[in-house]
Amino acid sequence: MIIIASHNGAIGIADAMRVLKHGGSALDAVEIGIRAVEANPADHSVGYNGYPNILGELELDASIMDGRTLNSGAVALMRGFPYAISVARQVLERDQPHVLLAGQGAERFAREIDAESWGEMLTDEIKAVWRERLAAVGATHRVARNSDESTELTDERPLLDLVKLATDPERVAGTVNFIAMDGVGDIACGVSTSGWAWKYPGRIGDSPIIGAGNYADNRTGACACTGMGEMAIRASTARSLVLYLQMGLSLAEAGRRAMSDLRDLGGGYIGGMNLIALDRDGNHVGLSTDAGRTYIFQHADMDTHGEVEREVVEIPSRWAGAPCA
Ligand code: GLY
């Protein structure tokens, strides 16, 4: 039994390990671990009190994958429900043909399954940070409700222009990753995020995209990503790592290859990327484009989790054509 997670998973890894020790499945452990992060108001990259989009609305993305069957469930752009991972789990569990539900459909599904709804999802503190950011780029933060209940800024500039100005490479993306192997050797992987701070409404990152931010296959292993989701979507990073494992590379080599693939991406927006991965033998790795990043792990015989520094794979950042700090 082992669980690995991004460092912000520290708040949930003990509960997740308890689930495994009581005979729970890898899927159960991943869900429980991520729920703790989604409920944590101090984590502004995941669940409740995450950074909102440019209109000040919190839109959540999450996915969960079962390595036994490659069954997956995912939600994107979901508003009003803090536990996106649990809604994603129900997309996986309910006997229905879909893998990914987005926006109003995801919210409707969440209501149908009686998912916990919190109404207000942002604290005044985060609303103030959003207003400050808009003010910093000279935008009005007055919002208007349209007749169709959508929200608009009263600023007359196109939102895309504002998003480009407001986007802050330091807050571009945060996410939580959990990968678990249970007592019978089954592997599951889960990812949850509120996405980029100040993103364009409707922007979906890698977290709910199976193969991009999340992939699990009992026969080889699992991989989950945090960082600039657009890069993982374009390079199918999580699936790439697992495919490199299938091709016979060691876990460390598979991780380096999946990260190095990102160097070939063109365009003006290349940011930070991080991944964690577990193979079927219980080996684990973490890689990052940035020095000093860590991930956590816990075996069944450990009282508390350990923390390991990630190996660095350098990928020069570009932000609108200019290097970013
Ligand atoms: N990695 C999370 C996101 O880009 O939304």
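In this report, the structure presented in the accompanying data block is examined. None of the values given here were measured: they were computed from a predicted structure.

Conventions used here
- Residues numbered from 1 in each chain as written.
- Predicted model: local features only at pLDDT ≥ 70, side-chain atom pairs only at ≥ 80, totals over all residues.
- Heavy atoms only, no water.
- Pairing = 2+ DSSP bridges.
- Helix = DSSP H or I, 4+ residues; strand = E, 2+ residues; numbered from the N terminus.
- Contact = heavy atoms within 4.5 Å.
- Axes fitted to C-alpha atoms, helices over the stretch in contact; angles between N-to-C directions.
- Expected span 1.5 Å × (residues − 1).
- Buried < 20%, exposed > 50% of the residue type's maximum accessible area, 1.4 Å probe, protein only.
- Phe/Tyr/Trp six-rings, centres within 6.5 Å; stacked < 30°, edge-to-face > 60°.
- Core = buried A, V, L, I, M, F, W, Y, C linked by side-chain atoms within 4.5 Å.
- Near = heavy atom within 4 Å.
- Polar contact = N/O pair within 3.5 Å; in protein donor to acceptor, adjacent residues only side chain to side chain.
- Areas by Shrake-Rupley, 256 points an atom, 1.4 Å probe, with all protein chains shown as cover.
- Nonpolar A, V, L, I, M, F, W, Y, C, P; charged D, E, K, R; others polar.
- Arc of directions from axis to C-beta.

1. Remarks on the sheet that holds strand E10 (residues 221-227)
If you trace the five strands from one edge of the open sheet to the other, you get E9-E10-E12-E13-E16, paired in mixed fashion. Sheet topology places strand E9 (214-217) and strand E16 (311-312) at the edges, where each strand pairs with a single neighbour. As paired elements, strand E12 (residues 273-279) and strand E13 (residues 284-288) share five bridges and run antiparallel to each other. Within the sheet, the bridge partner assigned to Ile 276 lies in E13 and is Gly 286. Running over the sheet, helix H8 (residues 237-246) touches E9, E10 and E12 and is turned about 150° from E10. Strands in contact with helix H9 (residues 251-260) are E12, E13 and E16; relative to E13, the strand with the most contacts, it is inclined by about 25°.

2. Some remarks on the sheet that holds strand E4 (residues 100-102)
The pairing of strands in a sheet happens through backbone hydrogen bonds and is either parallel or antiparallel. An order of E4-E3-E2-E8-E7-E1-E14-E15 is seen for the eight strands of this open sheet, with the pairing classed as mixed. Edge strands, defined here as strands with exactly one partner in the open sheet, are E4 and strand E15 (306-309). The mean inter-strand angle of the sheet, taken between neighbouring strand axes irrespective of direction, is 15°. Relative to strand E3 (residues 71-78), strand E2 (residues 60-66) runs antiparallel, the two being bridged by six bridges. Looking across to E3, one finds that Ser 63 is bridged to Ala 74.

3. Observations regarding helix H2 (residues 26-38)
Its 13 residues place the ends of H2 18 Å apart at the C-alpha level, agreeing with the 18 Å of an ideal helix rising 1.5 Å per residue. Counting buried positions along H2 yields ten of 13 residues, so the element is predominantly enclosed. Each element contacted by the buried residues of H2 is listed here: strand E1 (2-6), helix H1 (10-21), E2, helix H3 (84-93), strand E7 (176-181) and strand E8 (187-193).

4. Details of the packing of aromatic side chains
For the coordinates displayed, the defined rule picks out three aromatic pairs. Aromatic side chains Tyr 48 and Trp 118 sit 5.2 Å apart centroid to centroid with 70° between the ring planes, which places their arrangement in the edge-to-face category. Taken together, the residues span a long stretch of sequence, with Tyr 48 in the loop between H2 and E2 and Trp 118 in the loop between helix H4 (103-112) and helix H5 (124-136) at a distance of 70 residues. On the basis of relative accessibility, which here comes to 29%, the residue Trp 118 falls in the partly exposed class.

5. Here we look at the nonpolar core
Most often, soluble globular proteins have nonpolar side chains that are buried together. Core analysis: the largest hydrophobic core is formed by 56 residues, its most contacted members being Ile 3, Ile 54, Val 75, Met 78, Leu 153, Phe 178 and Trp 198. With 44 residues, the next largest nonpolar core counts Cys 189, Cys 225, Met 259 and Leu 262 among its residues.

6. Let's talk about the environment of Gly 255
Mapped onto the fold, Gly 255 is located in helix H9. The sequence separation of Gly 255 and Arg 234 amounts to 21 residues, and the corresponding C-alpha distance is 17 Å. If we skip the residues at most four places from it in the chain, Gly 255 touches Leu 241 and Leu 287.

7. Considerations on the site of the ligand
Around the ligand sit eleven residues, and of these Thr 175, Arg 203, Asp 206, Gly 227 and Gly 229 come closest. For the ligand, a nitrogen atom lies 3.1 Å from a polar atom in the side chain of Thr 175. Gly 227 places a main-chain nitrogen or oxygen 2.8 Å from a nitrogen atom of the ligand. When isolated, the ligand has an accessible area of 200 Å², and the protein chains bury 100% of it. Of the residues contributing to the shell around the ligand, the split by class is two nonpolar, seven polar and two charged.

8. Thoughts on H5
Taking 1.5 Å of rise per residue, the 13 residues of H5 would be expected to cover 18 Å, and the 18 Å separating its terminal C-alpha atoms lies within 8% of that figure. Along H5, the residues that are buried comprise Ile 126, Val 129, Trp 130 and Leu 134. For H5, the arc enclosing every buried residue in end-on projection is 135°, short of the 170-degree limit, so these residues lie on one face. Exposed and facing more than 90 degrees away from the buried side of H5 are Asp 124, Glu 132, Ala 135 and Ala 136.

9. Quick look at unusual backbone geometry
With a phi close to 65°, Leu 70 is a non-glycine residue in the positive phi region. Along the chain, the position of Leu 70 falls in the loop between E2 and E3. With phi around 60°, Leu 77 is a residue other than glycine that occupies positive phi space. You can see Leu 77 is positioned in strand E3. The class for Leu 77 is buried, based on a relative accessible area of 14%.

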